[in-house]
Amino acid sequence: VYDIEENLKDLKKRLPEQKHQVKTSLSLSSIVIRVAAVFVLGFVTYFAFFNKKDAFISTLANEKTHINLPDSSFVALNAISSLTYSKNNWSNQRKVSLIGEAFFKVAKGKKFDVHTLSGIVSVLGTQFNVKNRENFFEVTCYEGAVNVSYKKQVITLTKGNVFSVINNTVHHTNTTTLLPDWQENKSSFRSLPYDYILKEFERQYNIPILTTDIDLTVLFTGSFVHHDIQTALQSITIPMRLHYTINDKNITLYKE
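As the structure is a computational prediction, the values presented were derived from the model and not from experiment.

Attention now goes to the overall build of the chain. When its secondary structure is counted, the chain shows four helices and 18 strands. Out of the 256 residues belonging to the chain, those deemed buried represent 42%. A fraction of 45% describes how many contacts in the chain between residues 6 or more apart in sequence connect residues 24 or more apart. If you sum the accessible surface of the chain, you get close to 14,500 Å²; carbon and sulfur atoms cover 52% of it.

Structure below.
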């Protein structure tokens, strides 16, 4: 039996949902929300081994934050990143879990572990940066020494050493910088696939980038600032001989 009233109620419920879906499918904020939801879900699933997850800090696109841990260790969290740790068990085990990128100034004391999806970074007291993005894992030591556990191997880094894994290929390099560039609102790259540069740009400016007939595997060396989108775009397009258009919804890169 066809119930008119019931079907009418159902139709009224569906129409606003459909309108909302059409409207938000082109909304940048909806993209950010969906990404954040997936991000949080994946984080919670992977780090379920934390019995007392009483501290969880996360950032959205174009957002950075600072964290003071219970032992006065300092953490700076980059855009679209998350950190979790147990306050209640901190005195027994200094352990944090990270997705994304963070800079650490660790107070001296017991061993300090940073767990990521790709490996574990262990220190006693030092300054270092950990970056764990899709197909990219990098640890940079700025002071003291750190041990990186990666695929059953332990690599010791001292001041200026950089250990990175790009698309499953291990690299050992060095740096003379005293802090990661993102701490000074700038992203710098050395021989990284162009696709990675565009993803980092999207994180810092909270706007999607579309490309037309561009080889995203080409290696890029350069940098862009986080405070001026036009200057930043010129920094990543002029060296590649690319052009761009920008509007409220997205950026499109293309060849001449």
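On to the nonpolar core. The biggest cluster of nonpolar side chains holds 29 residues, and the ones touching the most others in it are Leu83 and Phe104. A per-element tally of this core places strand S5 (residues 94-105) first, with four residues. Beyond its immediate sequence surroundings of up to four residues, Phe104 is in contact with Phe74, Val75, Leu83, Val96, Leu98, Phe112, Val114, Thr126, Gln127, Phe128 and Val130. Grouped together as the second largest cluster of nonpolar side chains are 22 residues, Leu192, Tyr196, Ile197 and Phe224 included.

Considering the arrangement of structural elements, one finds Leu179 in the loop between strand S13 (169-174) and strand S14 (186-193). Residues Leu179 and Asn129 lie 50 residues apart in sequence; the distance between their C-alpha atoms is 8.4 Å. Here Leu179 is in contact with Phe103, Gln127 and Tyr142, once residues within four sequence places are set aside.

In this structure the tally under the stated criterion is seven salt bridges. With a shortest N-O distance of 3.6 Å, Asp113 and Lys111 are connected by a salt bridge. Looking at Asp113, the relative accessible area reads 10%, which means it is buried. For Lys131, the salt bridge identified is with Glu138, shortest N-O distance 4.0 Å. The two residues Lys131 and Glu138 agree in class, both being buried. Through salt bridges that share partners, Glu101, Lys131 and Glu138 make up one connected network.

As a further point, take the sheet that holds strand S17 (residues 242-246). Across the sheet, which stays open at both edges, the three strands sit in the order S15-S18-S17 with mixed pairing between neighbours. On the outer flanks of this sheet lie strand S15 (209-212) and S17, each paired with one strand and no other. Each strand axis lies, on average, 25 degrees off the axis of its neighbour in the sheet, ignoring direction. When S15 meets strand S18 (residues 251-255), the two strands line up parallel, connected through four bridges. Directly across from Ile209, in S18, lies its bridge partner Ile251. Taken strand by strand, helix H3 (residues 194-205) contacts S15, S17 and S18, and its axis lies near 150 degrees from that of S15. Its contacts with the sheet put helix H4 (residues 229-237) on S17 and S18, and the angle it makes with S17 is roughly 155 degrees.

When we look at a pair of aromatic rings, we describe it by the centre distance and by the angle of the planes. Across all of its chains, the model carries 16 aromatic pairs by this definition. Seen in terms of ring centroids, Phe104 and Phe128 are 4.9 Å apart; in terms of plane orientation they differ by 10 degrees. Their pairing is stacked. Taken as a pair, Phe104 in strand S5 and Phe128 in strand S8 (residues 127-133) lie far apart in primary sequence, 24 residues in all. Across the pair, exposure class does not vary: Phe104 and Phe128 are buried alike. Taken together, the ring pairs connect Phe136, Phe189, Tyr194, Tyr196, Phe201, Tyr205, Phe220 and Phe224 into an aromatic cluster. The ring of Phe74 has Lys105 sitting right over it, with the charged end atom 5.9 Å from the ring centre.

Turning our eyes to something else, we now look at unusual backbone geometry. Outside of glycine, negative phi angles account for most residues, and trans bonds account for most peptide bonds. Even without a glycine there, the phi angle at Ser191 is positive, about 55 degrees. Relative to the assigned elements, Ser191 resides in strand S14. The phi angle at Arg241 is positive, at roughly 55 degrees, despite the residue not being glycine. Within the fold, Arg241 resides in the loop between H4 and S17.

Parameters and conventions
All residue numbers refer to position in the chain's written sequence, counted from 1. Two thresholds apply to this predicted model, a pLDDT of at least 70 for residue-level local features and 80 or more for giving and counting side-chain atom pairs, whereas whole-chain, interface and lining totals are computed over all residues. Side-chain descriptors were evaluated using all non-hydrogen atoms of the structure, hydrogens and water having been removed beforehand. Segments assigned H or I by DSSP are reported as helices when at least four residues long, segments assigned E as strands when at least two residues long, and all are numbered from the N terminus. Accessibility here uses a 1.4 Å probe with only protein chains present; expressed as a share of the type maximum, an area under 20% marks a residue as buried, one over 50% as exposed, and anything in between as partly exposed. In what follows, a contact means two residues having at least one pair of non-hydrogen atoms within 4.5 Å. Residue exposure ignores everything except the shown protein chains as possible cover, and the areas themselves are Shrake-Rupley values with a 1.4 Å probe. The nonpolar core is taken to be a set of buried Ala, Val, Leu, Ile, Met, Phe, Trp, Tyr and Cys residues, with the residues joined through side-chain atoms within 4.5 Å. The term salt bridge refers to a pairing of a side-chain nitrogen on Lys or Arg with a carboxyl oxygen on Asp or Glu at a separation within 4 Å. Being paired, for any two strands, means DSSP has found at least two bridges between them. Each axis is a line fitted through C-alpha atoms, taken for helices only over the stretch in contact, and angles between the N-to-C directions span 0 to 180 degrees. When two rings of Phe, Tyr or Trp (its six-membered ring) have centres within 6.5 Å they constitute a pair, described as stacked for plane angles under 30 degrees, edge-to-face for angles over 60, and tilted for the intermediate range. In this scheme, Lys NZ or Arg CZ marks a charge over a ring once it lies within 6 Å of the ring centre and within 35 degrees of the ring normal.

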